[in-house]
Amino acid sequence: MSAVICTVDIVLLTLVGEELAAVLLRREHAPFQGALAIPGGYVHPEDDLSAHDAAMRVIKDKTGIVAPYLEQLATFSGAARDPRGWSVSVAHYALVPHALLAARADADAAVHIVPLSQLGTLPFDHNEMIATALDRLRNKSQYSSLPCFLAGDTFTLPQLQRIYELLLGEPLNKVSFRRKMSEMDMLDPVDGQFEAAGAHRPAQLYRLKAALRTTLTLLERGL
């Protein structure tokens, strides 16, 4: 009996304008050579202490970035998902600010940022992985700081509210949203830094507190 194939795959999500997009790479080898697919790779038992470590290594090796936030998503397995044989993939997902990914895409022609509406059919079960990650993202956006990891290093509260609205698919009350952000106590104002807001008063810039830049803050009651 042949050995089980063990890999990690990572759904890297970002915002392009007001649309979610995924990072895809052109596959260099069979199967599906030349096709676009989400980043993935074999687990290295001699080097990787965990599936999380393997996923972080694959992201760095394949895209050149370090994901600010990475979470295990689900395990995908079976005899039919990979033409090479029975396989198991420990899928993860990460949210990455567009500016960080755009710089990598400009520097590396193999990195493609593709809006979810334009994905088409991907190899293996990568469409299912992306759909599962999207469900997780929308669910967790109701009660956590997860959307902040799409916002970049600094952002205004109106910008952050718009990200939450895009992920949840509905408008949010401004007063209620700001009260929830205050409850999570996760943001620090950037001293003396504001962003012009047209005819309105310049908006204060914020960033995630240093201790919360690799973990989630949770609400007792959702948005």
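Just above sits the structure.
Okay, so let's go over this structure. (Residues numbered from 1 in each chain as written. Predicted model: local features only at pLDDT ≥ 70, side-chain atom pairs only at ≥ 80, totals over all residues. Heavy atoms only, no water.)

Section: the packing of helix H4 (residues 157–168) against helix H5 (residues 174–184)
This is how the line gets drawn: Orientation is described by lines fitted to C-alpha atoms, with helices fitted over the stretch in contact, and by angles between N-to-C directions that extend from 0 to 180 degrees. Here a helix means four or more residues in a row that DSSP labels H or I, a strand means two or more in a row labelled E, and each is numbered from the N terminus. Put simply, angles under 35 degrees are roughly parallel, angles over 145 are roughly antiparallel, angles from 65 to 115 are roughly perpendicular, and the rest are oblique. Residues count as neighbours in contact if any of their non-hydrogen atoms are within 4.5 Å of one another.
Where H4 contacts H5, the axes come no closer than 11 Å and their chain directions differ by 100°. As far as their axial angle goes, H5 and H4 are roughly perpendicular. On the side of H4, the interface is formed by Leu157, Pro158, Leu160, Gln161 and Tyr164, while H5 contributes Lys174, Phe177, Arg178, Met181 and Met184.

Details of the nonpolar core
The nonpolar side chains of a soluble globular protein tend to be buried, and buried together. Under the convention used in this document: What is meant by a nonpolar core is a set of buried Ala, Val, Leu, Ile, Met, Phe, Trp, Tyr and Cys residues, joined one to another through side-chain atoms within 4.5 Å. Accessible area is worked out with a 1.4 Å probe on protein chains only. A residue is then buried under 20% of its type maximum, exposed over 50%, and partly exposed in between.
By size, the foremost hydrophobic cluster in this structure holds 43 residues, and its most contacted members are Val11, Leu95, Leu146, Leu160, Tyr164, Met186 and Leu187. Residue assignment for this core shows that the elements contributing at least two residues are strand E1 (5–16), strand E2 (19–26), strand E5 (69–78), strand E6 (87–95), helix H3 (126–140), H4, H5 and strand E9 (200–208). In this view, Met186 contacts Ser145, Cys148, Tyr164, Met181, Arg207, Leu208, Lys209, Leu212 and Thr217; residues no more than four positions away in its chain are not counted. Formed by 17 residues, the second largest nonpolar core is a distinct cluster that contains Ala55, Val90, Ala94 and Leu101.

Thoughts on the pattern of salt bridges
To keep things clear, this is the line we draw: For this analysis, a salt bridge means a side-chain nitrogen from Lys or Arg found within 4 Å of a carboxyl oxygen belonging to Asp or Glu.
Applying the stated criterion across every chain, the model contains 11 salt bridges. Between Glu18 and Arg162 there is a salt bridge, with the nearest N and O atoms lying 2.9 Å from each other. With a gap of 144 residues between them, Glu18 in the loop between E1 and E2 and Arg162 in helix H4 connect regions that are remote in the sequence. For Arg162, a relative accessible area of 34% corresponds to the partly exposed category. Residues joined in a network through salt bridges with shared partners are Asp9, Arg81 and Asp125.

Some details on unusual backbone geometry
A cis amide bond links Ala30 to the next residue, Pro31, at an omega of 0°. Here Pro31 shows up in the loop between E2 and strand E3 (36–37). Residue Phe32 is not a glycine yet carries a positive backbone phi of 65°. Its place among the elements puts Phe32 in the loop between E2 and E3. Judged by its relative accessible area of 38%, Phe32 is partly exposed. The phi torsion at Phe124 lies on the positive side, around 55°, for a residue other than glycine.

Description of H3
Basically, it comes down to this: The span expected for a helix works out to 1.5 Å for each residue beyond the first. Taking the helix axis as origin, the arc is that swept by the directions to the C-beta atoms.
Between its first and last C-alpha atoms H3 spans 21 Å; for 15 residues at 1.5 Å apiece the expected length is 21 Å, and the two agree. Within the span of H3, buried status applies to His126, Met129, Ile130, Ala133, Leu134, Leu137 and Lys140. The buried residues of H3 occupy one face: seen down the axis, they fall within an arc of 140°. Buried residues along H3 sit against E1, E2, E3, E5, E6 and H4.

Focus on helix H1 (residues 51–63)
Over its 13 residues, H1 runs 18 Å from end to end, which matches the ideal 18 Å to within 8%, given 1.5 Å per residue. Among all positions of H1, only Ala54, Ala55, Arg57, Val58, Ile59 and Thr63 are buried. Directly after H1, the chain includes Gly64, whose backbone phi takes a positive value near 80°.

Describing the layout of surface pockets
Under the convention used in this document: Space inside and on the surface of the protein is sampled on a 1 Å grid over the protein atoms alone, with a cavity defined as a set of points where a 1.4 Å probe fits but cannot get out and a pocket as an open set with protein on both sides within 12 Å along at least 5 of 7 lines; lining residues have an atom within 4 Å of a point. Grid points are joined across faces, edges and corners, and a volume is the space filled by probe spheres set on the points. Each residue is assigned to one of three groups, with Ala, Val, Leu, Ile, Met, Phe, Trp, Tyr, Cys and Pro labelled nonpolar, Asp, Glu, Lys and Arg labelled charged, and all others, Gly among them, labelled polar.
Counted as a void, the largest pocket has a volume near 570 Å³. Secondary-structure elements contributing two or more residues to the lining of the largest pocket are E1, E2, strand E4 (40–42) and H1. Counting residues per element, the lining of the largest pocket draws most heavily on H1, which supplies 4 residues. For the lining of the largest pocket, the class distribution of residues is 9 nonpolar, 6 polar and 11 charged.

Observations regarding the packing of aromatic side chains
The description of two aromatic rings rests on the distance between their centres and on the angle between their planes. Here is the rule we go by: Two aromatic rings, drawn from Phe, Tyr or Trp (for Trp, its six-membered ring), form a pair once their centres lie within 6.5 Å of each other, and the interplanar angle then sorts them: stacked below 30 degrees, edge-to-face above 60, tilted otherwise.
This model, assessed by the stated rule, comprises 3 aromatic pairs. Ring geometry for Phe32 versus Phe124: centroids 4.9 Å apart, planes at 80°, classification edge-to-face. Of this pair, Phe32 sits in the loop between E2 and E3 while Phe124 sits in the loop between strand E7 (111–115) and H3, and the two are 92 residues apart along the sequence. Arranged with centres 5.3 Å apart and planes meeting at 70°, the rings of Tyr164 and Phe177 form a pair that is edge-to-face. Placement of the pair is Tyr164 in helix H4 and Phe177 in helix H5, with a sequence separation of 13 residues. Tyr164 gets classed as buried once you look at its relative accessible area, which sits at 1%. We classify Phe177 as buried; its relative accessible area is 2%.

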